[in-house]
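# Geometric and topological summary
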Amino acid sequence: MSDAPALEAGSDPRREAMATRLVLPFALPVLSALAIALWVLNISRAFIAGGKTGALVIVIIVTIGIMAGAAFASAAPRLQSSTLLLVVAAALVLIVSAGFVSLGPSQEHGEAGGGGGYVPPKGPAVATVEIDALPQLKFQAKDFPTQAGVNEI
């Protein structure tokens, strides 16, 4: 006689079949996509708020956490699914809270002079530079000397 536990039928086989064959195939991909979107949005906020050095520290901590969690899960083959779910939920809560905590520092602030990007020049052009692209994928010259200031091309 074997010591394997006997599988018990659910209380309502029709309901169980409906859940496993109809609901789960649609719910799991949708919930997975939502979890990934939540993860990406919140971890990216933490990266932006952390700056260059802070983002590197966050990446190292997240990477070590993922590797340690995977090592823990693989080292304990008899780990109950409820325990594994609790660990994954705790990691997700930690990432979401990191995203919410860093929400303020990761947003742009309307500081004067802090913006980048294109700023149109002011004033009239002081010189004109003419550049022709030749059919041989070359320009008519290698250097285009001009005056300092606003130039029209």
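Values in this document were obtained by computation on a predicted structure and should not be read as measured data.

### What about the overall build of the chain?
Scanning the chain from terminus to terminus reveals 3 helices and 4 strands. Reading the chain from its N terminus to its C terminus gives the helix and strand order α-α-α-β-β-β-β. Out of the 153 residues in the chain, the part that is buried amounts to 8%. Surface accessibility of the chain: about 13,100 Å² in total, with carbon and sulfur atoms responsible for 67%.

### Side note on the layout of surface pockets
A probe matching the size of a water molecule, rolled over the atoms, marks out where space remains unfilled. Reported here for the largest pocket is a volume of approximately 810 Å³. Lining the largest pocket are 28 residues, with W39, V88, A91, L92 and I95 sitting closest to its centre. Mapped onto the lining of the largest pocket, the elements with two or more residues apiece are α1 (13-75) and α2 (81-101). For the lining of the largest pocket, the element with the highest residue contribution is α1, accounting for 16 residues.

### What about a nonpolar patch on the surface?
A surface patch of nonpolar side chains, about 410 Å² in accessible area, is lined by M18, L22, V23 and F26. Following the sequence through the fold, F26 ends up in helix α1.

### Examining α1
Between its first and last C-alpha atoms α1 spans 34 Å; for 63 residues at 1.5 Å apiece the expected length is 93 Å, and the helix comes up short by more than 12%. In α1, a bend of some 135° at G51 exceeds every other bend along the element. Along α1, the residues classified as buried are N42, I43, A46, A55 and V62. Buried residues belonging to α1 abut α2.

### Examining α2
Between the first and last C-alpha of α2 there are 30 Å, a value that for 21 residues agrees with the 30 Å anticipated at 1.5 Å per step. Those residues of α2 not exposed but buried are I95, V96 and G99. All buried residues of α2 fall inside an arc of 100° around its axis, so they share one side. Along α2, exposed side chains directed more than 90 degrees from the buried face belong to L86, V93, L94, F100 and V101.

### Regarding the packing of α1 against α2
Packing of α1 against α2 brings their axes to within 11 Å, and their N-to-C directions diverge by 170°. Classified by the angle between their axes, α1 and α2 sit roughly antiparallel to one another. Residues L38, W39, N42, I43, R45, V62 and A73 of α1 form the contact with α2, whose own contacting residues are L84, L92, I95, V96, G99 and F100. Taken together, the residues of the contact of α1 with α2 sort by class into 10 nonpolar, 2 polar and 1 charged.

### Some thoughts on the confidence of the model for the chain
In low-pLDDT regions, the fine details of the predicted coordinates are not to be read closely. In the predicted model, the chain carries a mean pLDDT of 76, and the fraction of residues at 70 or more is 84%. Taken element by element, the predicted model of the chain shows its lowest mean pLDDT in helix α3 (residues 103-106) (64) and its highest in strand β1 (residues 127-128) (82).

The rules we used
- Residues numbered from 1 in each chain as written.
- Predicted model: local features only at pLDDT ≥ 70, side-chain atom pairs only at ≥ 80, totals over all residues.
- Heavy atoms only, no water.
- Helix = DSSP H or I, 4+ residues; strand = E, 2+ residues; numbered from the N terminus.
- Buried < 20%, exposed > 50% of the residue type's maximum accessible area, 1.4 Å probe, protein only.
- Areas by Shrake-Rupley, 256 points an atom, 1.4 Å probe, with all protein chains shown as cover.
- 1 Å grid on protein atoms, 1.4 Å probe; cavity = no way out; pocket = protein on both sides within 12 Å on 5 of 7 lines; lining within 4 Å.
- Points joined across faces, edges and corners; volume = space filled by probe spheres on them.
- Patch = residues over 30% accessible without salt bridge, like charges linked within 9 Å, V, L, I, M, F, W, Y side chains within 5 Å.
- Salt bridge = Lys/Arg side-chain N within 4 Å of Asp/Glu carboxyl O.
- Expected span 1.5 Å × (residues − 1).
- Bend = angle between axes of the 7 residues up to and from the residue.
- Contact = heavy atoms within 4.5 Å.
- Arc of directions from axis to C-beta.
- Axes fitted to C-alpha atoms, helices over the stretch in contact; angles between N-to-C directions.
- Parallel < 35°, antiparallel > 145°, perpendicular 65-115°, else oblique.
- Nonpolar A, V, L, I, M, F, W, Y, C, P; charged D, E, K, R; others polar.
- pLDDT = per-residue confidence, 0-100.

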